[in-house]
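Spelled out, the chains give:
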Amino acid sequence: MRIDNRFLLILLLAFVYFYGWHFLAWEFDYQKLIAIFLFGLLTQVLFCLAFKIPVNALISTVITTMLMGLLIRTEFIFICGMISFFAVASKYIFQFRGKHLFNPANFGLVFMMLFTNQAFITNHRADHILIGFFVFGSLAILYRTNRRKLDVIVAFIFFSLLARGFVSSIAMDSALLYAQEVWYLIYVFLLIADPLSSPDSQIGRMFWVFIIVLSTQILVYGFRVQYGHFYALAVAGLFMPLIDYVCKKEAVFSWDSVYKRELHSNAVLPS
């Protein structure tokens, strides 16, 4: 029996939690983690009932809540619940032809930064062991699911190196290094972790990644927007319907390949 790859993602993130807590002295507020987890799952259950979505969609929601739990830092439990609610709800509020425009975890983080002044991105840092395990684990799961999707990370590295070279050539500050920042590892993970918020075709994904990198350079180096990477990923989501319309259509790729499902129901969408 083939294992749903989302369970492997959950195990990978659980290892990140454990390693950070046990070896890197990361501090977690368990009440806030529970609030993020419960509000996210409750929101997903409500949408499952409303749109008759298979309950295995809850597995993806667990991943979303675990990602946000690693990044959200606030003193207020209700803010954690609110962010988790809007993150999961965004999949159904902002969707186009069975795909959501925004990665739900990224939407929650952008919502947090735009509309709350009491919640922030964590300042946790990773060591080389955690970075290596996280990177190779993510790529291995991605390859196991659909090796074609590796083009996203390859394109991201390529365009990022070009952008960094350009920024350096015009004497702008390009010395910002994020390799050991947990938020940056999660950000790169978000690029590949949610196929329902990325274009279907390979050439479409290339354009999508280019928009992300270009937007990042403009926001981070041009306007000095802190954590502009997350805003850039949200901006790229707005272009996804146009990219899918213009570029060659391909079968929609999903992590939960074992249970082949659409976003709103089990019905097959017309081609």
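The model shown is predicted, which means the values in this text are computed figures rather than measured ones.

Participant: Can you help me understand the overall build of the protein in this one?
Facilitator: Looking only at helices and strands, the protein has 10 helices and 4 strands in total. Element order for the protein, N to C, with α for helix and β for strand: α-α-α-β-α-β-β-α-β-α-α-α-α-α. Here the protein, with 271 residues, has 55% of them falling under the buried criterion. If you take every contact in the protein between residues at least 6 apart in sequence, the share linking residues at least 24 apart comes to 81%.

Participant: I keep staring at helix 4 (residues 77–93) and nothing clicks. Help me out?
Facilitator: Every α-helical turn comprises 3.6 residues, leaving residues that sit three or four positions apart pointing alike. Given a rise of 1.5 Å per residue, 17 residues ought to cover 24 Å, and the 24 Å separating the end C-alpha atoms of helix 4 matches this to within 8%. Along helix 4, the residues that are buried comprise Ile79, Cys80, Gly81, Ile83, Ser84, Ala87, Val88, Ala89, Ser90, Lys91 and Tyr92.

Participant: I tried to follow unusual backbone geometry on my own but got confused; where do I start?
Facilitator: With the exception of glycine, the majority of residues adopt a negative phi angle, and the majority of peptide bonds are in the trans configuration. Of note, Ala25 is a non-glycine position whose phi angle comes to about 60°, a positive value. In this structure, Ala25 sits in the loop between helix 1 (5–23) and helix 2 (30–51). In this model, Arg97 sits at a positive phi of 55°, which is unusual for a non-glycine residue. Mapped onto the elements of the fold, Arg97 is located in the loop between strand 2 (95–96) and strand 3 (99–100).

Participant: Just to check I follow, could you spell out the nonpolar core for this structure?
Facilitator: The nonpolar side chains of a soluble globular protein tend to be buried with one another. Ranked by internal contacts, the top residues of the largest apolar core, which has 78 residues, are Phe156, Trp208 and Phe230. By residue number, the principal contributor to this core is helix 8 (residues 182–193), which donates 12 residues. When neighbours within four sequence positions are excluded, Phe230 is seen to be in contact with Leu71, Asn106, Leu109, Val110, Met113, Ile121, Trp183, Tyr187 and Leu190. One finds Phe47, Ile53, Ala89 and Tyr92 within the second-largest nonpolar core, a separate group that totals 6 residues.

Participant: What is the right way to read the packing of aromatic side chains from this model?
Facilitator: In this description, a pair of aromatic rings is defined by centroid distance and the angle of the planes. By the definition in use, this model includes 26 aromatic pairs. Between Phe15 and Phe133 the ring centres are 4.1 Å apart and the planes differ by 40°, which places this aromatic pair in the tilted class. One end of the pair, Phe15, is in helix 1; the other, Phe133, is in helix 6 (residues 128–146), with 118 residues separating them in the sequence. Relative accessible area serves as the criterion here: at 26%, Phe15 is assigned to the partly exposed category. An aromatic cluster of three or more residues is present, and its members are Phe15, Phe18, Tyr19, Trp21, Phe23 and Phe133.

Participant: What is the right way to read the environment of Ile218 from this model?
Facilitator: Inspection of the secondary structure assignment puts Ile218 in helix 9 (residues 202–222). For the pair Ile218 and Ala232, spaced 14 residues apart in sequence, the C-alpha to C-alpha distance is 9.0 Å.

Participant: What am I meant to see in the confidence of the model for the protein here?
Facilitator: Low pLDDT marks stretches whose predicted atomic positions should not be read closely. Here the protein shows a mean pLDDT of 86. Residues at 70 or above account for 85%. Between residues 171–176, whose pLDDT stays under 50, and residues either more than four places distant or in other chains, the model counts 14 contacts. With pLDDT under 50 throughout, residues 256–271 is counted as low confidence; its partners more than four residues away or in other chains account for 37 contacts.

Conventions and cut-offs
Residues numbered from 1 in each chain as written. Predicted model: local features only at pLDDT ≥ 70, side-chain atom pairs only at ≥ 80, totals over all residues. Heavy atoms only, no water. Helix = DSSP H or I, 4+ residues; strand = E, 2+ residues; numbered from the N terminus. Buried < 20%, exposed > 50% of the residue type's maximum accessible area, 1.4 Å probe, protein only. Contact = heavy atoms within 4.5 Å. Expected span 1.5 Å × (residues − 1). Core = buried A, V, L, I, M, F, W, Y, C linked by side-chain atoms within 4.5 Å. Phe/Tyr/Trp six-rings, centres within 6.5 Å; stacked < 30°, edge-to-face > 60°. pLDDT = per-residue confidence, 0-100.

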